[in-house]
Amino acid sequence: MRSGVALAAGTLASGCSATGVVAHPVAASRTSVPPSANPAAASAANPSAKPAAAPAPRRFPQQPAEITHGPRDRPRVALTFHGQGDPAVAKALLGEAEKAGARVTVLAVGSWLDEHPGIARRILDGGHDLGNHTLRHLDINAMSEADAEAEIRGCADRLRRLTGSIGTWFRPSRTPSASALVAGVARRVGYPHVLSYDVDSLDYTSPGAPAVTRQVIGGVRDGSVVSLHFGYADTVAALPAVLEELGRRGLRAVTTTELLN
């Protein structure tokens, strides 16, 4: 496995499952992300450089309110990551994607941004999409309207404070699909679409890297949106093989915004 992903171990994280939190320990081992794979390091070396403007949400008139995939007639896919867990693992995954020429979409949990505020700029500096995955990663479909709005707006406020934008996408927590109530609240906060997916990697069940790779590659096709997670050793270990197989099949990994353009 490439050195950029060797630090997968040593992390606990929660999967986006309606059945509850899935957490697992792995052996402690950590290495640093190479500077060449970390655009944020270059920005830090040049503090006078103006940070990249953070894109705002966009409405795609040809797309439904809840997006599960992009156009099926173009060889592109979107790898979307639920943003939570050890930031070192997240940075390694981003670096691995960038080395392969891939761009991804990160749906960040607001409390995670509170703990690791620098990760928001790191994601944007790498050319990736950054979006909202609620404030605390709870079962948002089970909430009252007021509580759901607090979850969505709470994360949006943190994104705005850190990047100048509420992020490009909203994905509900603990569910692949938003209820009508939650989708309406998201629109009120400023997100024209809910971002779902048509391929679930099931990486949060810790099935092993080969199983994650098979699950993704077995389901992906032109226009697919794939659900993955930061914070899981299996995901880190699987990513190089996933990217290699996508390339072999002529599928380019792009941001969700690029997928729909």
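Novice: Sorry if this is basic, but what is going on with the overall build of the protein chain here?
Specialist: Within the protein chain one finds nine helices and eight strands. When burial is assessed residue by residue, the protein chain has 55% of its 261 residues classed as buried. Considering only intrachain contacts with a sequence separation of at least 6, the fraction spanning at least 24 residues in the protein chain is 81%. For the protein chain, the computed accessible surface area is about 10,500 Å², with 54% contributed by carbon and sulfur atoms.

Novice: How do you make sense of the environment of Arg171 when you look at a structure like this?
Specialist: Checked against the element boundaries, Arg171 lands in the loop between α5 (145-163) and α6 (180-189). We classify Arg171 as buried; its relative accessible area is 1%. In sequence terms Arg171 and Ala186 are 15 residues apart; their C-alpha atoms lie 9.2 Å from each other. When neighbours within four sequence positions are excluded, Arg171 is seen to be in contact with Thr80, His82, Leu107, Asn132, His133, Thr134, Leu195, Ser196, Tyr197, Val225 and Ser227. At 3.0 Å, the side chain of Arg171 and the backbone oxygen of Leu195 are in polar contact. For Arg171, the side chain forms a polar contact with the main-chain oxygen of Ser196, separated by 2.8 Å.

Novice: What's the story with the packing of aromatic side chains in this structure? I'm lost.
Specialist: Two numbers describe a pair of aromatic rings. These are the distance of the centres and the angle of the planes. By the definition in use, this model includes four aromatic pairs. Their ring planes at 25° and their centres at 5.2 Å tell us that Phe81 and Phe230 sit as a pair that is stacked. Here the residue Phe81 occupies a position in strand β2 (residues 76-83), and Phe230 occupies one in the loop between β7 (225-229) and α8 (233-248), the gap between them amounting to 149 residues. The two residues Phe81 and Phe230 agree in class, both being buried. Considering the side-chain rings of Trp112 and Phe230, the 6.0 Å spacing of their centres and the 50° angle between planes classify their relative orientation as tilted. Of the two residues, Trp112 is situated in helix α3 (residues 110-115) and Phe230 in the loop between β7 and α8; the sequence distance between them amounts to 118 residues. Residue classification places Phe230 among the buried residues on the basis of a relative accessible area of 1%. Members of the aromatic cluster, each reached through a chain of ring pairs, are Phe81, Trp112 and Phe230.

Novice: Just to check I follow, could you spell out unusual backbone geometry for this structure?
Specialist: It is generally the case that most residues other than glycine have a negative phi and that most peptide bonds are trans. For His137, which is not glycine, the phi dihedral falls at a positive 60°. Within the fold, His137 resides in the loop between β4 (129-132) and α5. Backbone geometry at Leu202 places phi at a positive 60°, although glycine is not the residue there. According to the relative accessible area criterion, Leu202 is partly exposed, its value standing at 31%.

Novice: Before we go on, may I ask you to explain the pairing of β7 in this structure?
Specialist: Side-chain direction in a regular strand flips from residue to residue, so the side chains alternate between the two faces of the sheet. For β7, a buried count of five out of five residues is recorded, marking the element as mostly surrounded by other parts of the structure. Residues Val225, Ser227 and His229 point to one face of β7 and Val226 and Leu228 to the other, with burial holding for every one of them. Pairing geometry for β2 and β7, over five bridges, is parallel. The residue bridging Ala78 from the neighbouring strand is Val225, located in β7. In this sheet, β7 lies alongside strand β6 (residues 199-200) in parallel orientation, the contact comprising two bridges.

Novice: In this structure, what is going on with empty space enclosed by the protein? I would like to understand it.
Specialist: A probe matching the size of a water molecule, rolled over the atoms, marks out where space remains unfilled. Following the criterion strictly, the structure yields one cavity of 30 Å³ or more and no others. Ala54, Pro55, Leu124, Leu130, Leu159, Thr163, Ser165, Gly167 and Thr168 together form the lining of the largest cavity.

Novice: Even after reading the chapter, I still don't get α8, so can you show me in this structure?
Specialist: Here α8 spans 24 Å end to end across 16 residues, near enough to the 22 Å set by a 1.5 Å rise per residue. Of all the bends in α8, the greatest, near 40°, is centred on Leu239, and the proline Pro240 appears no more than four residues after it. For α8, the full list of buried residues reads Ala233, Asp234, Thr235, Val236, Ala238, Leu239, Pro240, Val242, Leu243, Glu245 and Leu246. Contacts from the buried residues of α8 go to β2, α2 (87-99), α7 (209-219), β7 and β8 (252-254).

Novice: I'm lost on the packing of α5 against α6 in this one. Help?
Specialist: Angle between the axes and distance between the axes: these two values describe a pair of packed helices. Following both chains from N to C, one finds α5 and α6 inclined at 40°, their axes separated by 9 Å at the closest point. Classed by the angle they form, the pair α5 and α6 counts as oblique. Seen along the crossing, α5 lies across α6 with a hand that is right-handed. Between α5 and α6, the residues in contact are Glu145, Ala148, Glu149, Ile152, Arg153 and Ala156 and Leu181, Val182, Val185, Ala186, Arg188 and Val189, respectively.

Novice: Even after reading the chapter, I still don't get the confidence of the model for the protein chain, so can you show me in this structure?
Specialist: Should pLDDT be low for a region, the predicted coordinates there are not to be read in detail. With 80% of its residues at a pLDDT of 70 or more, the protein chain has an overall mean of 85. Here residues 1-14 scores under 50 on pLDDT; set against residues more than four positions off or in separate chains, the count is 57 contacts. Across residues 18-48, confidence stays below pLDDT 50; counting only partners more than four residues off in sequence or on other chains, it has 52 contacts.

Definitions and limits used
- Residues numbered from 1 in each chain as written.
- Predicted model: local features only at pLDDT ≥ 70, side-chain atom pairs only at ≥ 80, totals over all residues.
- Heavy atoms only, no water.
- Helix = DSSP H or I, 4+ residues; strand = E, 2+ residues; numbered from the N terminus.
- Buried < 20%, exposed > 50% of the residue type's maximum accessible area, 1.4 Å probe, protein only.
- Contact = heavy atoms within 4.5 Å.
- Areas by Shrake-Rupley, 256 points an atom, 1.4 Å probe, with all protein chains shown as cover.
- Polar contact = N/O pair within 3.5 Å; in protein donor to acceptor, adjacent residues only side chain to side chain.
- Phe/Tyr/Trp six-rings, centres within 6.5 Å; stacked < 30°, edge-to-face > 60°.
- Pairing = 2+ DSSP bridges.
- 1 Å grid on protein atoms, 1.4 Å probe; cavity = no way out; pocket = protein on both sides within 12 Å on 5 of 7 lines; lining within 4 Å.
- Points joined across faces, edges and corners; volume = space filled by probe spheres on them.
- Expected span 1.5 Å × (residues − 1).
- Bend = angle between axes of the 7 residues up to and from the residue.
- Axes fitted to C-alpha atoms, helices over the stretch in contact; angles between N-to-C directions.
- Parallel < 35°, antiparallel > 145°, perpendicular 65-115°, else oblique.
- Left-handed = near helix turned anticlockwise from the far one by under 90°.
- pLDDT = per-residue confidence, 0-100.

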